[in-house]
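# Residue-level structure breakdown
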Amino acid sequence: RFTKNGVKQNITGWTLYFTAKRKLTDTDPQAIFQKNTTSGSGITITDAPNGLAEVALVPTDTNTLEDSEIALICDVQAKDASSQVSTTGYVNLIVLPDVTRAT
């Protein structure tokens, strides 16, 4: 949910980005994965007037990680209808590998 000073934001016309990296100093091309609303690559605005969006991760987003690389730093950026870009939040993402590998 996108809010500003506790007020829901209408995100109609916004472009949203979700980026996961091994470390904060990695460049965008070094990201493990990047999602955005413009390419249909995993972010869906589910209720724009109420500021709601959903990020969907799939196994191919993280299948290049080594078992020891389970913690990723992520951020969410938004470009609003006036093209102003802001980072709206940070998250530490923990990726756990499969324990059972059924064939």
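See the structure shown above.
Residues numbered from 1 in each chain as written. Predicted model: local features only at pLDDT ≥ 70, side-chain atom pairs only at ≥ 80, totals over all residues. Heavy atoms only, no water.

## A look at a nonpolar patch on the surface
Together, Ile-70, Ile-94 and Leu-96 make up an exposed nonpolar region whose accessible area comes to about 290 Å². Judged by relative accessible area, which is 64%, Leu-96 ranks as exposed. (Patch = residues over 30% accessible without salt bridge, like charges linked within 9 Å, V, L, I, M, F, W, Y side chains within 5 Å. Areas by Shrake-Rupley, 256 points an atom, 1.4 Å probe, with all protein chains shown as cover. Salt bridge = Lys/Arg side-chain N within 4 Å of Asp/Glu carboxyl O. Buried < 20%, exposed > 50% of the residue type's maximum accessible area, 1.4 Å probe, protein only.)

## Describing the sheet that holds strand β4 (residues 33-36)
If you walk across this open sheet you meet the 4 strands as β4-β3-β7-β8, and the pairing is antiparallel. The strands lining the two open edges of the sheet, one partner per strand, are β4 and β8 (85-94). Within the sheet, the average angular offset between the axes of one strand and its neighbour, ignoring direction, is 15 degrees. Bridging between strand β3 (residues 15-21) and strand β7 (residues 71-79) involves 7 bridges; their strand directions are antiparallel. Pairing of Lys-21 across the sheet is with Ile-73, part of β7. (Pairing = 2+ DSSP bridges. Helix = DSSP H or I, 4+ residues; strand = E, 2+ residues; numbered from the N terminus. Axes fitted to C-alpha atoms, helices over the stretch in contact; angles between N-to-C directions.)

## Some remarks on the pattern of salt bridges
Summed over the entire model, instances satisfying the criterion amount to 3 salt bridges. The partner of Asp-28 in a salt bridge is Lys-21, and the shortest N-O contact between them spans 2.9 Å. Close ionic contact of Lys-35 with Asp-61 constitutes a salt bridge, the shortest N to O distance being 2.8 Å. Taken as a pair, Lys-35 in strand β4 and Asp-61 in helix α1 (residues 59-62) lie far apart in primary sequence, 26 residues in all. When sorted by exposure, Lys-35 lands in the same class as Asp-61, which is buried.

## Section: the side chain of Thr-15
Position of Thr-15 among the secondary structure elements: in strand β3. Its relative accessible area of 13% is what places Thr-15 among the buried residues.

## Observations regarding unusual backbone geometry
With a phi angle near 55 degrees, Asn-5 is a residue other than glycine that sits in the positive phi range. Tracing the chain through its elements places Asn-5 in the loop between β1 (3-4) and β2 (7-8). Of the residues examined, Asn-5 reaches a relative accessible area of 76% and is grouped as exposed. A positive phi angle, near 70 degrees, is found at Ser-83, a position not held by glycine. Residue position: Ser-83 is located in the loop between β7 and β8.

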